[in-house]
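Working through the structure, step by step
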Amino acid sequence: MADHTPPLESGQLLSPELPILASPPPPAMVNGEGPQQVILVQVNPGEAFTIRREDGQFQCITGPAQVPMMSPNGSVPPIYVPPGYVSQIIEENGVRRVLVLPQQPEFHPGGHSPLHHPPPPPHAHLPAFIPHPAMMPPPPHLYTGMAGGVGDMSSQYISQYHPAHIYSEQVSTDSHSQHGRPPFVHRDERTSKTYERLQKKLKERQGGGGGGQVKDSPPPSPQKSRSSPPTLDIHNGVGGKGLEAEQGQPSNAVAGPDKQAGRGKNGESGELDAEAQALQALLSTISKPVVSDIQARGAVLSWSAPTKPESEEGSAEDDSTPPEPFSYEVSISYSGKDGKFKSTYSGEELSATLEDLRPATDYHVRVQAMCNCLQGSPSEAVSFTTLSCEPDPPNPPRKASGTKSTLVLQWKPPCDNGSKIQNYILQWDEGKGTGMYEQCYYGPQKQYRVTKLSPASRYSFRLAAKNDMGVSEFSEVVDLFTSCSVPLPPLPPELVKAGVTWLCLQWQRPTGSPKEDDIYYILEMEEEGSGYGFQPSYDGEDLSCTVRNLHRSTKYKFRVAAYNTEGKSNPSQVAEFTTSPDRPSSPCRPVIRGRVLPNSFKMAWEPPKDNGGAEVTKYVVELSEGLSGLSWELVYSGPAMEHVCEGLKPGCSYQTRVYCMSEGGQSPLSETLQVQTPAVPPGPCQPPRLVGKPKAREVQLRWGPPQVDGGSLVSCYGVEVSGPQSEESREVYQGPELDCTVGSLLPGKTYSFRLKAANKAGFGPLSERCEVTTGPGAPEPCKSPNTTCKSPSCVVVSWEAPPCNGAPVSEFRLEWGAAEGSMQMCYSGPGLSHEMKGLLPATNYFSRVQAVNVAGVGPFSEAVLCQTPCSVPAAVSSVHALKESDLHGYEASVDAEEDEEEDDNGSPPPPLYSPSTCLGLSWEPPCDHGSEITSYLIDLGERQPIVVGPVTKYIIQHLQPDTSYRIRIQALNSLGAGPFSHTFKLKTKPLPPQPPRLECTAFSHQTLRLKWGDGPAKAATSDALQYQLQMEDKSGRFISLYKGPCHTHKVQRLNESTSYTFRIQAFNEAGEGPFSNVYTFTTPRSPPAPVKAPKVERLEDNSCEVTWEALPPMKGDPIIYTLQCMMGNSDFKQAYKGSSTSHHVQNLQPNSDYRFRVCAIRQCQDAPELSGPYSPTVTLSPQRSELAASGGGAAGSGSRAGTESGRPRRSLTDEQCAFLLLMVFAVIAILIAFVIQYFVIK
């Protein structure tokens, strides 16, 4: 691996989805020797170079171009060399060029190479070559869908040719019969000369020497190793598993791709038991296969069945025989051991024949055993190279040029199949056409000139190629023709058809010309009188031509001449043809002569301005009724230029047009002339007819339009009527409708009606008479009815009969209602009066009456207003109890006089009503029935009724607590008492609870814990009995501290030595009870604050000085301090007590530890002293001998160090502890959320 040239990695250049196109890449130029060099990749014309830029986009660069690329390590990139090519490095003027050249002068773009070098694995530790961003040309189109295998794109060199030895799964089985050869690519003479010049320069530079075979490369085939120049290791930039994705697969595959061990045929992985693992291990012991009988296109492969090692043969006898026979899968690869293998055989035999192989190609084959849906590991791959063979059949030769007696043939070389083509064999049939072929050329050239041939003759050729292995099959037969002599003059052209501006001519092929000869024709034309002579108008191989853009009615002369590659014949004899005349133009628009009559009119027209070259023979006049122009009628045809159109309809629109006829044809139509005939009045109508039965005062008539409308639409109708006694008629209707209603008639009379129609010309004659007799009429309207009130709820209505109007009245209908617009019928009958009952007192009512006979219903009389007298009030309908909030602010009407006296004496404000002894009522006032309500009577059952004024709310006092009452209310006015309301039940609430006893259970200088009543300290909120605790503030007002069911409360944030006043109240559903007596509790004095840890400084060996910070006085009380000392593990003893902030301690023992602590004491004036908490303990360590030797300064520093090291940790406050716990919980919650996010959600 270290001997290989570092490959040009392309992980940043190309996508792995791009196909590899194994064709010659462009030469590369390396310039410079530094650690970072610029490599110029030269892209030749017709080639492509694809890279991937830094932004991830692909860029395809087509030649000619030079692509700069940076080499980070300064090495020359290895170039991917396709089969049949080698790479050479040429140094010229300090510039190194890497050229990719074919091995031999013959160019085999699609042929098989005798040597297939597998590319070495890539070096992942080397940096890739990065294209220089500033020097890249703009990206053209990127080609991605080219044939030739799909795999990982690991090389930055991509060509436009198809790969030579890459199978593709898209290629059919038939295509492999031709070994998958790509299309033949021809190399021109310029490329051959350039190659020969470069080969000569290479030999001069290198002195004829060549490099040896690159390490780790497969040995070349014996056919090419002697003559091939030194080669570099071919590398495509991929290795290992990348090759499997890069190369295609053979098309004759039987099984799918390789399966992993431990997976079933369906690809499902699962846990394998011990027996399956043992069977899989047995399948993996298959040995390397053996290749025999190697041919150019096939080989025989054999192998042995897998067996257990000798150490495991006696371990388990039951496992020695598999449950099913072994099956084997043979896979083949032509891209190296690490390339992609394709299955070619699957069965139970121990040998297989490999077919459809390519000659002179390296293959690697391996075998894999399978049993009971288990697969073992593949065996070691065995490599072999197929033999060379004769070339493939070439393509037929093609005609490069030729004359009457010579033919120049050229052909392209076919695939050599591993052996260089030495000669070509060209055979022909000598023009006999018998199918017998003779050899006419044998040699290495790719073209041949055949001479001494007959003109205008056919010759058949076929071609074969020969190398050291034999002669290929002949190509397909191709027929070629020689040229002939100058053709004879053809016959004169003939006229096929003549037009106005064109002539269609045809001619015949010259006699004596062979069919194989390509003859062309020139048609010449001369216009009569033009003076230009014959001019060519057609040149081609057709035997007919249409000459266009000619003049009408003009004579033209034509002649034709034939020519071929040998020359031009003499022109034919001249033929004369004349174009046809054109049709005349349209005549002028017709005009009207004279006055248009209702049934006829006279029209005239002018001849056309252009007759088309021929005289007009006749004119044709067409007439169309209406303005649509859909139907035209021929009314005249002749030479005259005027015509009278007769038999027309009055009031109708007509259109007329003219066209003319001549020898040239029919002219276009002239412009249209529109004519409107005048209208006449319409004809008589049919008499009108009666619709339905005649009514008493009106009749309805209907009629139809007249049969003759006079040429204009009927726009109006008129109806005249005449009475029975008078012959005078009067018009009763005039309008466009076909019916009318004639009113204002008398019942039972006979009338005569006549009808006439009118259009824009006027009215037509009257129709015949139609006599109609009217029917009887409805009664006349009644007079207003009379009303008489018998009681507040009863009224008697009476009326008189109206005139019957020709028919007796059969019934009367009375309507009654509280509003004039919403009355309803309450009586129907022959009577003349009716009694209305169930009315409301003091209410307005309206009434009206109408009469009915056989003719219909008469109109209603005028409405009459009637008001019922007043009455007692109605019953109270809506009564409900007042809420507790509404009880306050109302006075009892029973004690009104006493209250007035108390108000005069300056008594307190109205009392608050308790829901335990009072009930509040509210009701809606009922209808007073015309008399104002003066009072209400409240009935409580057993108690005496209560009379109140005209109010809607009242509070009943002096009731029993927790007692139910049945209540009903009655309204009274000046006419009496109304009915009682419905009885409803109300209940007073029980008495509110008494306040409990309040006591203080715990106290401090800032807090007081209060307790009351008997019960738990904490109670549920659903308890019926709850409490309210209040405290008096500085202004003397009580503020609420607590409200709830609990029996204790802690009052905080109080001042020291201060008295506070409290009171408590109990309440439940019955209401709030009274407040308790006032309780006073006093907070004690606060002790001093803790002193910070004292400082200890050693003065001598047996003395030290202890100092501490001073505390300010507390509300005027002085502060003194107590210092305690402890030696070793004994108890603390008081060493000092006073107001000083330092103390000198003497008589200390040298080798003992001393601990000191201080506390503050508050000296109260009228109370005992209050001691505060002790400060943290400070330790004074003994003085060591080493420290004593260093002097007093060292001893002092040592004592201070001992003091600091012995200082204990300060205890945390409650707030600090709570904050610390909060932070710990927050960190734990974040960790749990992270674990859930990472392990559960993902």
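Worth saying up front: this structure is predicted, and the values here are computed from it rather than measured.

Focus on the overall build of the protein chain
Looking only at helices and strands, the protein chain has eight helices and 80 strands in total. Looking at the protein chain residue by residue over its 1242 residues, the buried ones come to 40%. Taking contacts inside the protein chain between residues at least 6 apart in sequence as the whole, the part at least 24 apart equals 67%. About 67300 Å² of surface is accessible on the protein chain, with carbon and sulfur atoms providing 50% of the total.

Some remarks on the nonpolar core
Soluble globular proteins: nonpolar side chains tend toward being buried together. Residues Trp303, Val330 and Val365 are the most contacted members of the largest nonpolar core, which totals 25 residues. Elements supplying a minimum of two residues to this core: α3 (274-283), β10 (299-302), β11 (327-333), β13 (351-354), β14 (362-371) and β16 (382-385). Looking at which element gives the most residues to this core, the answer is β14, with five residues. Once residues within four sequence positions are removed from consideration, Val365 is found in contact with Pro289, Leu301, Val330, Ser331, Ile332, Phe341, Leu354, Glu380, Ala381, Val382 and Phe384.

Digging into the environment of Gln1146
Looking at where Gln1146 falls in the secondary structure, it is placed in the loop between β77 (1142-1145) and β78 (1154-1162). Separated by 41 residues in the primary sequence, Gln1146 and Glu1105 have C-alpha atoms spaced 8.7 Å apart. Within the local environment of Gln1146, its side chain forms a polar contact with the side chain of His1144, the two groups lying 3.5 Å apart.

So, the sheet that holds strand β58 (residues 919-923)
Strand order in this open sheet of three strands is β57-β58-β61, and the pairing throughout is antiparallel. Among the strands making up the open sheet, the edge pair consists of β57 (879-881) and β61 (953-956). Neighbouring strand axes in the sheet, compared pairwise and without regard to direction, differ in orientation by 25° on average. Pairing geometry for β57 and β58, over three bridges, is antiparallel.

Regarding the state of the cysteines
Going through the model one piece at a time under the given rule, you end up with zero disulfides. You can see Cys1104 has no disulfide; the closest cysteine sulfur is in Cys1125, sitting 7.4 Å from it. For Cys1104, a relative accessible area of 0% translates into the label buried.

Some remarks on α3
Regarding α3, the residues found buried are Ala276, Leu279, Gln280, Leu282 and Leu283. The buried residues of α3 occupy one face: seen down the axis, they fall within an arc of 155°. In this structure, the buried side of α3 is in contact with β14 and β15 (374-375).

So, the sheet that holds strand β18 (residues 407-410)
Read from one edge of the open sheet, three strands run β17-β18-β21, paired in antiparallel fashion. The sheet is open, and its two borders are formed by β17 (398-402) and β21 (447-450), each paired with just one other strand. Pairwise comparison of adjacent strand axes, ignoring direction, gives a mean angle of 25° for this sheet. The pairing of β17 with β18 spans four bridges and is antiparallel. Bridging from a neighbouring strand, Ser401 pairs with Val408 of β18.

Re the packing of aromatic side chains
One pass over the structure, following the stated rule, counts 27 aromatic pairs. An angle of 55° between the planes, with centres 6.0 Å apart, marks the rings of Trp703 and Tyr717 as tilted. One end of the pair, Trp703, is in the loop between β42 (699-702) and β43 (716-722); the other, Tyr717, is in strand β43, with 14 residues separating them in the sequence. The exposure classification of Trp703 matches that of Tyr717, with both residues buried. Between Trp1012 and Tyr1027, the aromatic rings sit 6.1 Å apart at their centres with planes inclined by 65°, giving edge-to-face as the arrangement. With Trp1012 in strand β66 (residues 1008-1012) and Tyr1027 in strand β67 (residues 1026-1032), the pair connects residues that are 15 residues apart, well separated along the chain.

Quick notes on the environment of His1005
Residue position: His1005 is located in the loop between β65 (998-1003) and β66. The exposure class assigned to His1005 is partly exposed, which follows from its relative accessible area of 27%. Remark: the alpha-carbon pair of His1005 and Gln1052, spanning 47 residues in sequence, is separated by 9.6 Å. What His1005 contacts, discounting residues up to four positions off in sequence, is Leu1054, Asn1055, Glu1056, Thr1083, Pro1084, Arg1085, Ser1086 and Pro1087.

Calculation notes
Residues numbered from 1 in each chain as written. Predicted model: local features only at pLDDT ≥ 70, side-chain atom pairs only at ≥ 80, totals over all residues. Heavy atoms only, no water. Helix = DSSP H or I, 4+ residues; strand = E, 2+ residues; numbered from the N terminus. Buried < 20%, exposed > 50% of the residue type's maximum accessible area, 1.4 Å probe, protein only. Contact = heavy atoms within 4.5 Å. Areas by Shrake-Rupley, 256 points an atom, 1.4 Å probe, with all protein chains shown as cover. Core = buried A, V, L, I, M, F, W, Y, C linked by side-chain atoms within 4.5 Å. Polar contact = N/O pair within 3.5 Å; in protein donor to acceptor, adjacent residues only side chain to side chain. Pairing = 2+ DSSP bridges. Axes fitted to C-alpha atoms, helices over the stretch in contact; angles between N-to-C directions. Disulfide = S-S within 2.5 Å. Arc of directions from axis to C-beta. Phe/Tyr/Trp six-rings, centres within 6.5 Å; stacked < 30°, edge-to-face > 60°.

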